[in-house]
Amino acid sequence: MNIHLISVGTRMPRWVQEGYGEYAKRLKGDCRLKLVEITPGHRKKGADIQRALREEGKRMLAAIPRGCAVLALDVRGRPWNTEQLAGKMTGWMNDGRDLALLVGGPEGLAADCVKQAEGRWSLSPLTLPHPLVRVIVAEQLYRAWSVLHNHPYHRS
């Protein structure tokens with residue numbers, strides 16, 4: 001299964017690239033993580049933020065590979081512990097479709113992205129900076145994968 005992490009933002013700081021990259025490279029074989037960066041909308045002084053959000057949403061939806069299950073990362077989504085995420089991962093792998101995870105920018109996800117999603121996942125009730133979400137998602141997916149493969153990374 002391919003998991004497409006479709007995330008608003010380009011030119012991330014090195015620590016984000018390295019953190020994401022470390023966990024993404026560990027996911028191989030039956031589960032691979034692929035990053036798709038979406039160019040952010042115009043946010044300079046006097047910019048129409050809602051328009052920027054809609055434009056990001058259009059680019060995100062266009063980046064979803066055909067036939068993927070779609071999940072929005074959203075603070076209003078459902079939180080999962082590691083074992084629940086591992087169970088979700090098993091379901092996604094058994095479903096036979098790839099998965100697209102949508103991560104919004106500073107204002108979150110466009111409404112059309114949330115509507116397109118089959119579900120919503122909340123990493124935390126806290127507001128997290130969107131670059132950090134990449135690292136957290138990659139690590140949590142690797143942790144769930146390690147549970148499924150009895151890998152010692154996750155020790156409960």
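Residues numbered from 1 in each chain as written. Predicted model: local features only at pLDDT ≥ 70, side-chain atom pairs only at ≥ 80, totals over all residues. Heavy atoms only, no water.

As a further point, take the packing of helix α1 (residues 14–26) against helix α5 (residues 130–148). For the pair α1 and α5, the least separation of the axes is 8 Å and the interaxial angle reads 20 degrees. Classed by the angle they form, the pair α1 and α5 counts as roughly parallel. Along this stretch, α1 crosses α5, giving a crossing that reads as left-handed. Contacts between α1 and α5 involve Trp-15, Val-16, Gly-19, Tyr-20, Tyr-23 and Arg-26 from the former and Pro-131, Leu-132, Arg-134, Val-135, Ala-138, Glu-139 and Tyr-142 from the latter. Looking at the contact of α1 with α5, its residues break down into nine nonpolar, one polar and three charged. (Axes fitted to C-alpha atoms, helices over the stretch in contact; angles between N-to-C directions. Helix = DSSP H or I, 4+ residues; strand = E, 2+ residues; numbered from the N terminus. Parallel < 35°, antiparallel > 145°, perpendicular 65-115°, else oblique. Left-handed = near helix turned anticlockwise from the far one by under 90°. Contact = heavy atoms within 4.5 Å. Nonpolar A, V, L, I, M, F, W, Y, C, P; charged D, E, K, R; others polar.)

Glancing now at the nonpolar core. By size, the foremost hydrophobic cluster in this structure holds 28 residues, and its most contacted members are Ile-3, Leu-33, Met-89, Leu-101 and Leu-141. Listed by contribution, the elements that provide at least two residues to this core are β1 (2–8), α1, β3 (69–78), α3 (82–95), β4 (99–103) and α5. Counting residues per element, this core draws most heavily on α5, at seven residues. Beyond its immediate sequence surroundings of up to four residues, Leu-101 is in contact with Ile-3, His-4, Leu-5, Ile-6, Leu-71, Leu-73, Trp-121, Val-137 and Leu-141. Ranked by size, the runner-up nonpolar core spans 15 residues in total, among them Ile-38, Met-60, Ala-72 and Leu-109. (Core = buried A, V, L, I, M, F, W, Y, C linked by side-chain atoms within 4.5 Å. Buried < 20%, exposed > 50% of the residue type's maximum accessible area, 1.4 Å probe, protein only.)

Glancing now at the state of the cysteines. One pass over the structure, following the stated rule, counts zero disulfides. Note on Cys-31: no disulfide assigned, nearest cysteine sulfur contributed by Cys-68 at a separation of 12 Å. The class of Cys-31 is buried, set by a relative accessible area of 0%. No disulfide involves Cys-113; its sulfur sits 14 Å from the nearest other cysteine sulfur, which is in Cys-68. (Disulfide = S-S within 2.5 Å.)

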